Amino acid sequence: VSTQSTGEVEEALKLLGEAISLNPHSAVLYAKRAQMLLRLKKANNAARDAEKAVKLNPNNALAHKCLGKAFRLLGKWEESALSLSQGQKCDYDDDTQELLKTIVKPNAEKLRAARLKEGI
């Protein structure tokens, strides 16, 4: 689990949960928890928190990027591309751009092409 052990991530999740219960209107806390959930590959939970963060603050780049990465893990390529692109508009970074360019957008395009071919 990257540079942090699973135990450290679990502890961070616990602390973020406590912080969210004290401040349930903080987009930053939800986005940070989504980021930790992604490290544990808990895509559905990460997406839920990232969506909450985006609702609280539509300009939160981390929330959009976490949502895009969660959608990627769930195989929702078009949603992933949209969320990652929105995150890039808020705060550009090379790693996210590379992910978009090499993995997410090509898969999203394949889905679109298949739908067009099927007439959906």
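Reference entry: report on the structure contained in this document.

Observations concerning the overall build of the protein
The secondary structure content of the protein amounts to six helices and zero strands. Its C-alpha atoms give the protein a radius of gyration of 15 Å, within 12% of the compact-globule value 14 Å for 120 residues. In terms of principal-axis extent, the alpha carbons of the protein reach across some 50 × 30 × 25 Å. The buried share among the 120 residues of the protein stands at 38%. Taking contacts inside the protein between residues at least 6 apart in sequence as the whole, the part at least 24 apart equals 50%. Accessible surface, the protein as shown: approximately 7,100 Å² in total, 52% of it carbon and sulfur. In the protein, 20 side chains carry a positive charge and 15 a negative one; their mean positions are 4 Å apart.

Considerations on the pattern of salt bridges
Pairing is possible between side chains of opposite charge, provided their charged atoms come close. Applying the stated criterion across every chain, the model contains six salt bridges. When the shortest N-O distance is used, the salt bridge between Lys65 and Asp93 registers 2.5 Å. Taken together, the positions of Lys65 in helix 4 (residues 61-73) and Asp93 in the loop between helix 5 (77-90) and helix 6 (94-118) put the pair 28 residues apart, joining distant regions of the chain. For the salt bridge of Glu78 with Arg115, the shortest nitrogen-to-oxygen distance reads 2.4 Å. Of the two residues, Glu78 sits in helix 5 while Arg115 sits in helix 6, which places them 37 residues apart along the sequence. A relative accessible area of 30% places Arg115 in the partly exposed class. Beyond isolated ion pairs, a larger network of salt bridges with shared partners links Glu78, Glu109, Arg112 and Arg115.

Let's talk about unusual backbone geometry
At Lys41, a position not held by glycine, the phi torsion is positive, near 60°. One can find Lys41 in the loop between helix 2 (27-39) and helix 3 (43-56). On the accessibility criterion, Lys41 (62% relative accessible area) is exposed.

Structural notes on the packing of helix 5 against helix 6
Helix packing for two helices is described by the angle between their axes and how far apart those axes are. Contact geometry for helix 5 and helix 6: axes closest at 8 Å, N-to-C directions at 145°. Handedness of the helix 5/helix 6 crossing: left-handed. Judged by residue contacts, Trp77, Glu78, Ser80, Ala81, Leu84, Ser85 and Gln88 of helix 5 engage Thr96, Gln97, Leu99, Leu100, Ile103, Val104, Lys105, Asn107, Ala108, Leu111, Arg112 and Arg115 from helix 6. Per-class residue counts for the contact of helix 5 with helix 6 are nine nonpolar, six polar and four charged.

So, how was this worked out
- Residues numbered from 1 in each chain as written.
- Predicted model: local features only at pLDDT ≥ 70, side-chain atom pairs only at ≥ 80, totals over all residues.
- Heavy atoms only, no water.
- Helix = DSSP H or I, 4+ residues; strand = E, 2+ residues; numbered from the N terminus.
- Rg over C-alpha atoms; globule rule 2.2 N^0.38 Å.
- Buried < 20%, exposed > 50% of the residue type's maximum accessible area, 1.4 Å probe, protein only.
- Contact = heavy atoms within 4.5 Å.
- Areas by Shrake-Rupley, 256 points an atom, 1.4 Å probe, with all protein chains shown as cover.
- Lys, Arg positive; Asp, Glu negative; His and termini not counted.
- Charge placed at Lys NZ, Arg CZ, Asp CG, Glu CD.
- Salt bridge = Lys/Arg side-chain N within 4 Å of Asp/Glu carboxyl O.
- Axes fitted to C-alpha atoms, helices over the stretch in contact; angles between N-to-C directions.
- Left-handed = near helix turned anticlockwise from the far one by under 90°.
- Nonpolar A, V, L, I, M, F, W, Y, C, P; charged D, E, K, R; others polar.

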